[in-house]
Every structure is written in structure tokens, then in C-alpha cells.
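Below are the chains, spelled out letter by letter.
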There are 2 protein chains.
Amino acid sequence: MADADLRDLRVVGRAQRKIDASDKVTGRTEFADDISLPRMLYAKLLRSPHAHADIVNIDTSKAMALQGVKCVITGDSMPITFGILPVSQDEHALSPKRVRFIGDPVAAVAATSEEIATQALDLIDVVYQPLDTIANVDQAVSTSDPLIHDYGDSGNLHKLIDLEFGNVEPAFENAHSVREDLLFYGGNTHLAMEQHAAVANWTGDGKLTLWSSTQTPHYVHRALAKVLKLPPARIRVIACPNGGGFGGKSDPFNHEIAVAKLAMLTGRPVKITLTREEVFYCHRGRHPTLMWVKSGVSQDGKIEALHFRTLLDGGGYGSYGVASTYYTGALQTVTYEVERYKFQGARAFTNKPPCGPKRGHGTPQPRYALEVHLDKVAEDLKMDPAELRLKHLAPANSLTANYLRVGSIGLGACIEKAVSESGWHEKYGKLPYGTGVGIACSSYLSGAGLPIYWNDMSQSGVQLKLDRGGGVTVFCGSTDIGQGSDSILAYIVAEVLGLDPLELQIVTADTDLTPVDLGSYSSRVTLMSGNAALEAAERAREILVKHVAEKLKVPKTRVSFAEGRVFDVEDPENGMSFAEAVQISEAAQGIVGTVGSYRPPPSEGRYRGAGVGPSPAYSYSVAIALAKVDPTSGIVTVPKVWIAHDVGQCINPVTVMGQVEGSVYMGLGEALMEDMAYRENRRLVHKIPSMLEYKSPTTLEMCDVETIIVEDPDPNGPYGAKEVGQGPLLPLPPAVANAVYDAVGVRIDEVPITPEKVLKAIKDKARGKEGRYGPTSFPDIPWPEPTVVPPPWEGGDGRARKKTTTPAESSGGGSAGSGNRETGKPGART
Amino acid sequence: MADADLRDLRVVGRAQRKIDASDKVTGRTEFADDISLPRMLYAKLLRSPHAHADIVNIDTSKAMALQGVKCVITGDSMPITFGILPVSQDEHALSPKRVRFIGDPVAAVAATSEEIATQALDLIDVVYQPLDTIANVDQAVSTSDPLIHDYGDSGNLHKLIDLEFGNVEPAFENAHSVREDLLFYGGNTHLAMEQHAAVANWTGDGKLTLWSSTQTPHYVHRALAKVLKLPPARIRVIACPNGGGFGGKSDPFNHEIAVAKLAMLTGRPVKITLTREEVFYCHRGRHPTLMWVKSGVSQDGKIEALHFRTLLDGGGYGSYGVASTYYTGALQTVTYEVERYKFQGARAFTNKPPCGPKRGHGTPQPRYALEVHLDKVAEDLKMDPAELRLKHLAPANSLTANYLRVGSIGLGACIEKAVSESGWHEKYGKLPYGTGVGIACSSYLSGAGLPIYWNDMSQSGVQLKLDRGGGVTVFCGSTDIGQGSDSILAYIVAEVLGLDPLELQIVTADTDLTPVDLGSYSSRVTLMSGNAALEAAERAREILVKHVAEKLKVPKTRVSFAEGRVFDVEDPENGMSFAEAVQISEAAQGIVGTVGSYRPPPSEGRYRGAGVGPSPAYSYSVAIALAKVDPTSGIVTVPKVWIAHDVGQCINPVTVMGQVEGSVYMGLGEALMEDMAYRENRRLVHKIPSMLEYKSPTTLEMCDVETIIVEDPDPNGPYGAKEVGQGPLLPLPPAVANAVYDAVGVRIDEVPITPEKVLKAIKDKARGKEGRYGPTSFPDIPWPEPTVVPPPWEGGDGRARKKTTTPAESSGGGSAGSGNRETGKPGART
């Protein structure tokens, strides 16, 4: 796909309707809870009321005796453990011996109605032996009694990471100034409108079908095969359209496995829909994260060395936690130039609901820390914080200190446009007391470099069927969770084949029908499934071009596709309908069907953990927030946010804007109010497990958003496209925190930035104390021996340096536009 | 696929469970009428009470005013005609101006319940102007007033055919004896247990989905696109599992198009299920056929020349009728040697429900005529009728007089085995009065050589998806109508890939999901879809072999597949699971997906109509019936039938036996009792449009069946397989008729062989008249100028002769076994 082609695009880059829009707005979309099968039973899970306890006995006989109850199972029925990551297979579908958080399921009931199933739960007698709890990370770090799991890196520390890229200490010593900060990012949850639901069906011929509101049908498939000991080919997982996922539906869940087991035992379909309260407890959301950051900078603000520590409160199980922990450190080098980088990360087990991935997975927290820290550095240096950032952008087409290969970087353009659109220079430091602006930048993945399993295989596959009637069916394992991934597939295939995207058939998220795609997480679908679709479509196009060129008696290079026709580009009348093109191809060679695959370029790091962080492409965002602070109440409102996002190339500008605005919304909630709070002195129950009490922005709190789309096509993206679904959330919390400082001169080093915290800082400042609210210490962690890795420019073996040249040498598909790419520094960052 | 491989088969040829058996026996199978969608409406068609009338006016206002009625449409809403054959596009979804049989639909209602829709029909006021009717073929031949259609070959003669292969007159003159007979084969219907049903859904984004109990989803798709003027890519037709088809669900039907239109107009799903009475009228069943046969034979019974005439009562529309007419003549040359052949066929329009294809489509009637005729010839020559047939089999691997290429022929073995198993020689002519045996032979197609549309494209396509979990999904447009075609696909792919057929996923009969397959008709699926599946599977196997051979470091020829493993055939421990084989292949080259296609060898005839008759392979059957005739009542019972069928190669002997037994059942019904009778003096109403009154055998009438499977692998069949679903019906009626003659000495030259007919013949004989019941004259037909075609052995251009050599030179795939094939006469039949 040459650059010139981008100018001729007919679908890609244009505003398009989403292909499922009609079904969504008319209510035709069938979500998992909408499914109703003949003879279907309803399941409920009995969940532990204890945060930590041994199960002494479970008596299900009274529940079994209740009229309408068809089956009651406990943990003994499914002794095999599961978990999303191979290194954290620590969950049981139902806990057989010990519960580790309030909500840990111990039994499941299937009955003829939801009411009876609920009633039956009360009839199950469980004798617990309560254990001491680990209520927070401080306790987790300081004691191994109780020990929540008998695995992990040290006591109740699930994971410990210590990586050093280049020697930071001499750089700190030589730096113009060194600064340390402590920050805390509170936990919060996804709050998808749709609660988790699943329906299992077991047919007499030994096949299991599970419909589920999951983002990752193939991983669920794998967990089912493991726990239920079924051959994978006998399991079909269908991801229903998700009513929001945001990462909260990307683990395989207890309830999915439990309904499958109940269906197998009863021979009847079984449905479960979690209550909203259960979803709050099943939460695999944002890890509460304590962070310490230390930088040594030059006089003009260049980061000569960065030392960063994180401590994550993981809750009771592993989930994605090991990856989350790596992610809190991995991307700190992608946004700006960081020549030497030391990262220490720890994840603690506590007796609270397990945390996992939420939009931005592991990166909003460190982004918050670093962007607030940089705001302080700029102040120290008396520099404009926007200017400081602009001066030290990471170079495009290069390797970072921790061996992440970065392709296109539109961050410079993002900063410039956000600054100019917002009138930054007229506002920053110049607005009246109580009003301020703050800026923050970020970068994010377009899919993880390594899949969770199957390291050496494709992450995405697409199969195409071309029909002699002109129909094209696109089969892909990807899951549309509302982000529009099905539409993206349609746009890309329609572009290549010159068709109307609404006429394509898009079949996704069904492990029987579709080739593997690892799911909707890590903002991977547009780039990865998109590249697979591009490959499959281009192969189909190639077949058609061959036969049409022969028929029209023109060279293949002159065959073009548009508006449902295939024709000689130099004489457009000389052509045929797309259907006829398929027909002559089919007559010549049989059914036309193709496959396409995508596997990202291999990780270039060779250290342990090098697999978490690499991505084929990184998006960039800049947010400037306007904040108003009422100094008498501490209430912060954000009337407006200007946000610029480098998406590489828009596939559909309307869905890009939708993702940006949704990210701003969620980031604003995290910045100001969202908080998963547990009563540490009351058995660790959730304080506010309901949508009425859990605070998140309503339309009244939502800010105006001015979205600026920056296009800097990435060599690895389909048509140059990169991610947009998660990245724009990241700069929100630090931009708001920095704006609060600009407004009232206090530093809120802890999100959410609640009125209480602001008011306390304002009062403290008025009393002459430090005008700051935030953590004051970082626990003493038994860090392991650091893994010391020379950054590429110090590597000496020439490997990294040799690869750090031009976009053309980067692997992967996609188009290579020029955009705002800085190509001045093709070598290493020395 | 070398011969040797047949010995090593692990799935093919072994008794296997049908893959849908569990769903069928547990009631899980969802038929079209089982579908229920939210907001679904119910449709009913208003059908004409007149056999022939002009529609003067239709007033739907009262019906529209009925509470619950959502839409009423008439013929004006769908002015475009449709029909299954391109040459007979003579039907309207709803007749706008004229009705041509009782049951012709004129209006359709959609309402919130079936009851309201039925009630609404009564409120539609139709003013008809009745016209004179054409009640039977005699009238159709003799008058053009009224003229039912303004197209066709002559007056009310829809189709006239006159073909002569070689000059028959001199051969008659030189023959040892010449004999003429007149016979009549009554019309009958399919009597599938499931009535026709369809559900249409129209979504706001302009996509139409139709679920239907159809045998031919792709043809329905095409008719919908034409009549509704929709782009084909916006229409999805899903053929639900059929509760029996037998040809009766292979036309696109009025009700399918009407519900689609109603769904489009109301924006709601619309369902229709025909009543049993409607099915009797919508009947596209067996054409009542009058036949005249004249043969000139040598002293030992060799047919030197054959002249054959048919006259079909087509009813009010074209349907498949042109093809049906050709079929009544085409296959008469395939069973025995016929050196010179003249065929004249005519189809008349009458004001009765249109006839079309029923099991055996157009061939049971001529088979009945010829086999009864041959029984008389044998008697004339004082030869044993079995011996006469055995002496003059058509030679294998040769062209017939009318240019049909015949591959393997197991008829000789069939005759020998049926004769020996039945104890023919001890019974024929030797049983006491009232008891007798009769023999008859037949041959049938394994799929038509030409599709109905798309002549130069594949008739079948299969797409495979291999999953890294070891799952394999087979996508094929074929339609399982109970015959087990889904299972056949599974067996073939499982055989090639060494898997358990029950672990495969078989996805069929969905125009969105599956590559085109033209449907379940003409006994085409096992051979055609089977060959496409074989090709797709072998391509997948080839991919896996390559990568496994590299991994195991053995030559590719040593890589074998069995029991879910891929291994070195010389060291079976050295191998891996099938899933691993997929995984290493995927790691090496991406997603593994393949396509396979099948297109039959081209027709070798160059005359008009040469496309109807050719098939890649012909099956052969022999039936010997034991009949008991009560001379006082005329009641015929058939206690036992021995039937031998040459299926080429069994894919699954159990399903082969099922098809043979089902064919015997249906053939017995046609022979003895089934009759579509209309009251010619009472407006042409159906006499017995209900299952209570229409006679077909119950378990009490059903005979014992001894099935003898003969395997003579055909070079064109997958693993050598040929058809079995229809052919075994063909010899039943003549075998029973011949047995009746052996029992009581009367010839019943008209089926069904009812007690009245038998009793009359017995009484006539007792009175010294001819002991025969049957037609006495053949109307004077205005035959066109004959098309005179020299048979291949007189062709002179050497084309045919050159091709008539060895199986290896035949085109197409499949295995070439030896079996009972006669290879002694590889050349032309001179």
C-alpha cells in the first residue's frame, strides 16, 4: 500500500455509519442476558461473606430439596484451577477450601427460575473458619501471616520486578536537578452498563456452547477446556455483543465455568446474569497503585535518568496482575526521551476483590505520577510545562531504553495543536484564582506484542468468503464490545474490494465459526485484526485482479475496484460488477476464499519481562483541562477538555471521536470521583457496591470536549492506523491535577481528587503547611536483585542499533505515511 | 487417492453415528416452524378457489381494519415473476391478474396471531371472473382455448422434445421382434412429515434474512433478489433442517417471497407455516405421465432400437417441468445397451397444482414403462427376465447413444446378488397362483451435470477453518434434509485429517456463512459437496504435512493422520497431536484455512437438451418384489423386497441402508396406493388433500426389506461414492407390477396398482378379455422436427470414441476402484 494510495481512499478515513448501528438503536442487538433457550435453567452463585476463611463444611441438601432446584455444585466438582495468565492459575470456578475475598464463590445453584435459585442460596449451609485478613498493601508487605497464596515472589507479594536500563545513579549525580515525588492512584471499576451474563448449553453429543458477555472468547474457551477437561474442539464460545467491557470482561470468570458445569450436569441450558452488586465484587478493575518517582533532569528539562517504583494492591487473586505490574513501568520511556531508566514494581495480594485490567491497563497510574511530577519539574525549572514536554519528545522510529520499538510519533503535533486550540499560553498561570489549566501527555499500545498464550502464532486471523452474488463474508475471532471493531473490519475489506461496508457480512467472536483473534483488549483489534483483514482482502483482490485483467485484456496494474465494480482505471467503462468479477474468478479456479493473519514484530528486548510493553505501534495523546475549584468546598469542576490524539490514520473519524470522548469521560471520573472503597475495619466489605452510590460522572458533570485528531500513519498499522480506545484516558487525571494546581496552588498527589482532599490541602496551605494532599511514604519492599540491561545505545552488540533505522525496515504491514514523524534521529537515542 | 488407500480407511465405509443424531432424537433440532423471534407476526396466504380465473378486483380494506392485522398485500406489490428454471419464470409471488390452479395465492396477510391472519383471509373480497379450464392432458393437447400461458412450445404444450440418436426405423425393420406398450404412471406427492415453513426478518439496515424449510437456499436467494429487487449481498437465506424434502422443497415458493415482502413492509419478523392441505395444493410432486414404448430386440433380447414417448401433466406452472420432461427420456440408455434411441417428450399445462421434482425426478415413470415392457419382451422371447437384463448391461466407462458418460456400473453384481439372495430361480414362475415375484433394474444420477444457473462455476464449495485447539470447521452451502449430508461432509474431512467426525463443526446451508452449494437435489451432495470437501481437506492436510515433516525430519510421504494425531507412519510414536500440527503450521505461515470446489465434467453431448442427463456418476439398483394378490378383492400386498444398490463406495453403510429402505418405502407407496387425484367434474378440487385420506403405506403395509449394498467405486466419486438417496425407489413400481403378473397373470400398466385395477384385469381375463389394466391410446402430439444426432459410435469425428477408454482418462476426482467394473469393452458400443 503505497503512500499515494492514502489519497485515493474511498472508505477508510471517511465518516461511516457503524455496521451494527441499526440493530443497536432499534434494540435488536441480542446481548447474553437476552438469550432464552427452551428448558433453560437459571443459576446463582453463593459467594463468601468473609474476606478470608477456610471452608469447614458445605451442606447443600436443603437447597437440593427445594422444589425447582435442579443442581447444586460446590468446589469439589471442579478441582482444576484456572486464570488468565499461565503464571497465575490460582482461581477455582468455586473455591473448594478457602475463600480470599468477600464475593469469592463457593457454590452454584441451577433452578427453574432466578427466584428459586436465589432462595436456594439461603438454604446452603456453609461452615467457615474465618482467618485473619490482609487489608492493604502495607500489611501485605509487612507480614506473611496470614499468607493469602502459597505462590508468588515473596510472602504476600505476588510479583516483584526490578529492572535497570543503564546506570541511573551516576546520571542522578550529574543532573542539573533531582526531584522525588510520591503519588497514589485509587482503585476504580469499569462500570459497564451491561452486567456480566452467560448462557451454557450442553448437547447430548458432548458439545458445550457458551454465550457470554466476554471480551476474550478464545481465552474463555481455553479455561473451559482446562477446568472441565473437555477437548477444545467440543467447546464453542460465542462472545455476545458487549454492553461495555473496558477490560472488565477480559478474564475468564467463575460464573462462565460454573454455568457450563451446571449445563453439563443437568443436560439443560443454564443462564446466569450477575447482579450489579456482584459485578462490583467480581471487579477486576484498576489496581490502586502507590508510586514513587525520582528524576534527574538537565537545565532544560531533559530526563537524564528516571527511577520509578510502583506498589499495586492486587486483591485476592492473580488475574492479569503480573502483566499489570510490568505495565506500570514499561511505557514510561515511550512518551519522552528517557536515557536511563530503573523500574521497580510490586503487586501485593490482599483480601479484597482481585484487580486486573481496566482501560489503559496499568498505565494511567504511572502516567498520572510522571505527568504531575513533570509539572513540578517544570515549575522547579521555571519552564512552561507544555514547552518542556515539547522539547524532549521521544524520537520516531527508534528503540527506547527498555527496547520498545516506537514507530510513528504524533505527540509533537498533538501538543502544538492542543496548546493552540486551547489558548494555553493565554491561560496557563494567567487565570484568576480558582480557575486553572493543566496539561498532560501520554502514549499507549496498539495491541500487546506478546499474546497471553500461543507465543509463536498469529494474534489475529481473518477468513474471507466471496460469493458469486457479490456478497463478502468476513470471519474473525475479534469481539465487538461497542468500540466498533466489527465496523473496522468492514471498512478495511470494503476499501480493498471497492464495496459498501454495509453490504458485507461480518461474523466475529465465535470460536467455531471464526479464526482465532485473541480478543478485545490492549487496544489490539484495529491494528491486528485490521492487518489480518487487510491481508485476506488483498489476497482476494489479487485473485480477482488476475482474472479480470485477463478478461479485460489490460495489465493487472490497471485493474481498480470501486463502488461495487471492477474496471480498467484508465477506461472505467471497461469493467464489470464485483459479482461478475467473482464469477469469472470462480469459473477459472473454483470458490474464492482467502485467509489473512497478523503477528506483531517480535519483542526486541532480551530480558525477563521484555514481553510486556512492546507493541507494533504506539498512540499519543495530549489533554489540556480547564478546572474550576471552589476554595470553600474543595469541589473541582472541569468545564472543558481539549484533547489531541495521534491515531496514526483514522479508519473512521466518527468512531475515533467517540472513543476519545468516551476516554475523556472515564478519565474525568477517575480523576475526580471514582473510588472502589472497602471498609478496612468492617470485614473488608465494599462501601458503595451500587450504581447509586459509586460516583461517576453524569451528563451534568461531563465536560465539553474538543477533540483534535492527529494523523501520523504508522508503518505497522493497517493504512497506518493505531489505537484510540484507551490511550486518550491516560492524560486526563494528571491534566486535571495540574489544572487544580494552576487554579488554587495545591498539589493533589492522589486521585480521585475529591473535595475533601482539595479542601484539606487548601486549608493546610492557608495554615502555612505544604499545600499538598498525597501519600507520604513508600513501604520497604524486599526488591530482588536488579536485572541490569544496557539500553540499546550502550548494548555494544550492534543488534538494536542496526535495526533503528528507517520505517521501511520495520516489520509488519500497513502503510508508511510521513505525517509529523521526526526522522531526524534515525539512530539510537544518544 | 490410490486404490490402496481404500483399504486403510478409518472413517469412510464404516458404520458411523450421524452427527445430528443426538439433536434429532432429543428434539433439540430447530426446524423453521420452531423459530420464534421477538415481535414476530404470522402470515397466511389467500389462495384461489378457482382452477382458472381472472382477478377482477381485490378489496383488502376490511381485512386491514381487523384488529391485529398489520399488513395485507396482493400481487401488485410484487410484479416481477420468478421460477426455478431460467426458461420458466412464470410465477408471481401472489398472482396479480390470473389464477391457474386451485391454491394459486392472490393475497397475503401478516397479523399478530395465526388465528387473526386466518380470520383476515375471510375478509378479503376477491372478485373472480372464472375461465374455462384445462382439466387433463388430452384437453391440453387438443385445444388452445383457454390458453393457460402465453409461452411454451405449442398451445398448452409447455415443452416438446424430439430427439433421435441413430436411425431407429431400419433397426425396427431388422429386429427379431418388435413390441409396443402403453403405460401410465399416476401423480403422487412427497408427503414430507414437515410442512413448508419460513420466517423472514428485515432489519433496519436493509438486510433480509429468511429461514426456510428449503432444499435449495441459493436458488431461493436468487428468487428473492429478483422479485424483491434487493442486492444479493443483502439477503441471507438459511435452510433449516428439513423434516423431509424429497424434492418438494426444491422450488422457490410463493410463501417464502411473500413473508419476506411482509417483513420488509412491517419491519417485523414474519412467519408462515403451510397447513397440510396447502402442502397438498402447493405440491410440486411427481408428474402424472403417459408413456408409449416401442422396442426392437434381437433374438436374445438385445435392444437394437428404442422409441419412447412421454406426455407429462404439468399443472399450472413451469416449475422444473422442462427438466422433468427431458429426464423422462434421458436415462433410458444408461441401464442397458441401447444402440439407437428416439425420444419424444411433451409436457402439458393444465389447471391443476404444478408438478415438479420428486425423488427420482422424471425417471421412475420411464423406468416403470421400460421395466414392465422388458418383462413382456422376456415373456415374448421365453427368456428369464433376470437373465435377459444380465446379458445386455451397458458397458462401464463408455458413452451412451445420447452422450452420457457412464463410469462404474455395478448393475451386473446387483442382479446376481438380488437373484441369489431372493432365490429368484426357485420362485419366478413357480409360486402358487396369487403369489409372484418380479424384477426390475434402474440407474440414477449422482448430481446433475449442469446447475440450474451459473453454468461455468462450481456446483459445490467447501471452506475449512483449522483451529489451534484442534477444532476443524467445515463450511458448505449444502442442505441436510435428513439424508445425512452434513454427516457425509464430516466423515470425509475426518477421514482425510485423521479425526473423529463427531468433533468437527459442520456449518451448512447458510448463504452468508457458507460457500455456494446448489442444494440437496438430484442426489448431488455426497458426490459434489463430498468432492469439494475432499479437496479442501486434502489442501489442509498438505499444509500440515509440510510443516510436520519438517518438524519430525521425515519425508512428507511418511506423514500420516489418525486418531487425532499426526505422525511418522514408520515410527508412530514420533508425532504430535493434530492440534500441535495446526499450531506449528500456523506459526510457520499464519491461519490455516482452505477452500475446495467441485464442478462436474462437462456434458459431452452437443445437442439442445444435452445438459439434462449427464452426471459425474450413475448408481444402479435392482429390486425383486414378492407380491401376494388376493384375486377376490384385487388387493396386492408385498411381504418382501430384495434390493441391491450399487453405491460406488459406502461413505457410511448405515445411512446408505437408511436411504435404500426409505426409497423402497416410497416406491412401494407409489406402486400400490399413492395418487394425487382431482375431481375433473368438480372444479378440479383435490379429492384427498389430507394425510388421513391420501393413502401411503403405514408400518403395517411396509414390506420387509433385504438390502444388498454393492460397491463399485466410481472414478468421479469421493472415495468412489455415488448416489443412494433416490435411485433405489425407481425399480419398485415395475418390480411390483411384474410380480403381480407372475402372481395372477394380469398386466397392470398403470400405477398405482390399486385393488380396483387388479380386480378389473382379473375379471376381464376370466371373461377371456386381455388381462390388462392400462391406457389404450396416446394423443396425437404436434411433435417438432426431430433433432437427429448420430450416437458417438457413428459420430465420425472421433471425439467421443477417443474419450471412451479407461477410467483414468475420465475427468474429476475421486478414487478408481476395480469392483465389478466391466472393462472388456472400453471402446464405443458397436
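In this text, all values refer to a predicted model and were calculated from it rather than measured experimentally. For every chain, the first residue of the written sequence is number 1, and numbering continues from 1 along that sequence. Note on labels: chains are lettered from A, ligands numbered from 1, in written order. pLDDT decides what is reported in this predicted model: residues at 70 or higher carry local features, side-chain atom pairs at 80 or more are listed and counted, and totals for whole chains, interfaces and linings draw on all residues regardless. Hydrogens and water are ignored here; the side-chain numbers use all heavy atoms of the structure.

(A) Region of the structure containing the overall build of chain A. Each helix and strand counted, chain A has 21 helices and 34 strands in total. Each radius of gyration reported is based on C-alpha atoms, and the globular scaling rule is 2.2 Å times the count of residues to the power 0.38. What you see for chain A is a C-alpha radius of gyration of 27 Å, in line with the 28 Å of a compact globule of 830 residues. Along the first, second and third principal axes, the C-alpha atoms of chain A reach 85 × 75 × 55 Å. Partly exposed residues are those whose accessible area sits between 20% and 50% of the maximum for their type, while under 20% is buried and over 50% is exposed, using a 1.4 Å probe and protein chains only. Here chain A holds 830 residues, and the buried ones make up 68% of them. Should any heavy atoms of two residues lie within 4.5 Å, those residues are considered in contact. Summarising the internal contacts of chain A: among those between residues at least 6 apart in sequence, 80% fall at separations of at least 24. Accessibility throughout is a Shrake-Rupley quantity obtained with a 1.4 Å probe, and a residue counts as covered only by protein chains that appear here. Surface exposure of chain A reaches about 27000 Å², of which carbon and sulfur atoms provide 49%. Counting from the N terminus, the helices are the DSSP runs of H or I reaching at least four residues and the strands are the DSSP runs of E reaching at least two.

(B) Here's a closer look at the relation of the copies chain A and chain B. Alignment of copies: least-squares fit on C-alpha atoms of residues with pLDDT of at least 70 in both copies. Here chain A sits on chain B after a turn of 180 degrees about the axis and a move of 0.0 Å along it, with an RMSD of 0.0 Å. On the angle and the small slide along the axis, the relation comes out as a two-fold axis. In terms of C-alpha distance to the rotation axis, chain A has threonine 594 of chain A as its closest residue, with the C-alpha 3.7 Å off the axis.

(C) Examining the domain arrangement of chain A more closely. Residues and elements named next belong to chain A. Per the domain assignment, the segments making up chain A are domain 1 (3-28 + 458-598), domain 2 (32-131 + 195-241 + 249-282) and domain 3 (162-188 + 285-449 + 606-773). As annotated, the domain borders come from an automatic or database domain assignment. Computed over C-alpha atoms only, the centres of domain 1 and domain 2 are separated by 39 Å. Between domain 1 and domain 2, the residue contacts involve 17 residues of the former and 13 residues of the latter. Both sides of the domain 1 and domain 2 interface together cover about 1200 Å² of buried area, and 53% of this is carbon and sulfur. A quick way to say it: buried area is the sum, across both parts, of accessible area lost when two parts are put together, with a 1.4 Å probe.

(D) A look at the confidence of the model for chain A. All names here are of chain A. What pLDDT conveys is the predictor's confidence in a given residue, as a value from 0 to 100. For chain A, mean pLDDT is 94; residues scoring 70 or higher make up 95% of the total. The model gives residues 797-830 a pLDDT under 50, and that stretch makes 94 contacts with residues more than four places away or in other chains. Here the predicted complex scores 0.94 on pTM and 0.93 on ipTM.

(E) Structural view of the environment of alanine 43 of chain B. Residues and elements named next belong to chain B. Within the secondary structure, alanine 43 is located in strand S1 (residues 41-47). Here the alpha-carbon distance between alanine 43 and alanine 258, two residues 215 residues apart in the chain, equals 8.6 Å. Not counting residues up to four positions away in its chain, the partners in contact with alanine 43 are Val109, Ala110, Ala117, Val259, Leu262, Val270, Lys271 and Ile272.

(F) Spotlight on the packing of aromatic side chains. For Phe, Tyr and Trp, rings pair up if their centres lie within 6.5 Å, where Trp contributes its six-membered ring, and each pair is then called stacked (planes under 30 degrees apart), edge-to-face (over 60) or tilted (otherwise). All chains considered together, the criterion is met by 23 aromatic pairs over all chains. Ring geometry for tyrosine 185 of chain B against tyrosine 368 of chain B: centres 5.7 Å apart, planes inclined by 80 degrees, an arrangement best described as edge-to-face. Taken together, the residues span a long stretch of sequence, with tyrosine 185 of chain B in strand S8 (residues 177-185) and tyrosine 368 of chain B in helix H11 (residues 364-381) at a distance of 183 residues. A residue is classified by how much of its surface remains accessible, and tyrosine 185 of chain B, at 0% relative accessible area, is buried. Overall, tyrosine 368 of chain B belongs to the buried group, its relative accessible area being 0%. Following the ring pairs from residue to residue traces out a cluster consisting of Tyr219, Tyr453, Trp454 and Tyr521 of chain A. Only Lys NZ and Arg CZ are tested; either one counts as a charge over a ring when it is within 6 Å of the ring centre and within 35 degrees of the ring normal. When the ring centre of tryptophan 292 of chain B is taken as origin, the NZ or CZ atom of arginine 309 of chain B, which lies over that ring, is 4.5 Å away.

(G) Local environment of the sheet that holds strand S21 (residues 505-508) of chain A. All names here are of chain A. Strand order in this open sheet of four strands is S21-S20-S19-S25, and the pairing throughout is mixed. Bordering the open sheet on either side are S21 and strand S25 (592-598), each of which pairs with just one other strand. Averaged over neighbouring strand pairs, the angle between their axes works out to 15 degrees when direction is ignored. Across four bridges, strand S20 (residues 472-476) lies against S21 in parallel orientation. Across the sheet, the residue bridging to phenylalanine 475 is valine 507, located in S21. DSSP bridges decide pairing: two strands pair if at least two such bridges lie between them. Axis geometry follows a simple rule: fit a line to the C-alpha atoms, using only the stretch in contact for helices, then measure angles between N-to-C directions, giving values from 0 to 180 degrees.

(H) Structural detail: the interface of chain A and chain B. Of the residues lining the interface, 56 residues belong to chain A; the matching set on chain B comes to 56 residues. Take a side-chain nitrogen of Lys or Arg and a carboxyl oxygen of Asp or Glu: if they are within 4 Å of each other, that pair is a salt bridge. Scanning the region where chain A abuts chain B turns up four salt bridges. With its nearest N and O atoms 3.2 Å apart, the salt bridge here joins glutamate 503 of chain A to arginine 234 of chain B. Polar contact criterion, stated in full: a pair of N or O atoms within 3.5 Å, where within protein one must be able to donate a hydrogen and the other to accept it, and residues adjacent in sequence count only if both atoms are side-chain atoms. In this assembly, chain A and chain B are joined by 30 residue pairs in polar contact (both at pLDDT 80 or more). Elements with a contribution of two residues or more to the side of chain A that touches chain B: helix H2 (21-26), strand S9 (197-203), strand S19 (460-466), S20, S21, helix H17 (578-589) and S25 of chain A. Split by residue class, the side of chain A that touches chain B holds 19 nonpolar, 22 polar and 15 charged. Basically, the charged four are Asp, Glu, Lys and Arg, the nonpolar ten are Ala, Val, Leu, Ile, Met, Phe, Trp, Tyr, Cys and Pro, and anything else, Gly included, counts as polar.

(I) Just helix H16 (residues 525-552) of chain A, in detail. Given the number of residues in a helix, its expected span is that number minus one, multiplied by 1.5 Å. In this model, H16 of chain A (28 residues) spans 37 Å end to end at C-alpha, consistent with the 40 Å of a helix rising 1.5 Å per residue. Where H16 of chain A terminates, the next one or two residues include lysine 553 of chain A, which has phi positive at roughly 60 degrees.

(J) Looking closely at the packing of helix H15 (residues 485-497) of chain B against helix H16 (residues 525-552) of chain B. All names here are of chain B. Put simply, H15 and H16 touch, their axes get as near as 9 Å, and they point 30 degrees apart. By the angle between their axes, H15 is roughly parallel relative to H16. The handedness of the crossing between H15 and H16 comes out as right-handed. Residues Ser485, Ile488, Leu489, Ile492, Val493, Val496 and Leu497 of H15 form the contact with H16, whose participating residues are Val525, Thr526, Ser529, Gly530, Ala533, Leu534, Ala537, Glu538 and Arg541. The residue inventory of the contact of H15 with H16, partitioned by class, reads ten nonpolar, four polar and two charged. Orientation labels follow simple angle bins: below 35 degrees gives roughly parallel, above 145 gives roughly antiparallel, 65 to 115 gives roughly perpendicular, and whatever is left gives oblique. Left-handed describes a crossing whose near helix is turned anticlockwise from the far helix by less than a right angle; the clockwise case is right-handed.

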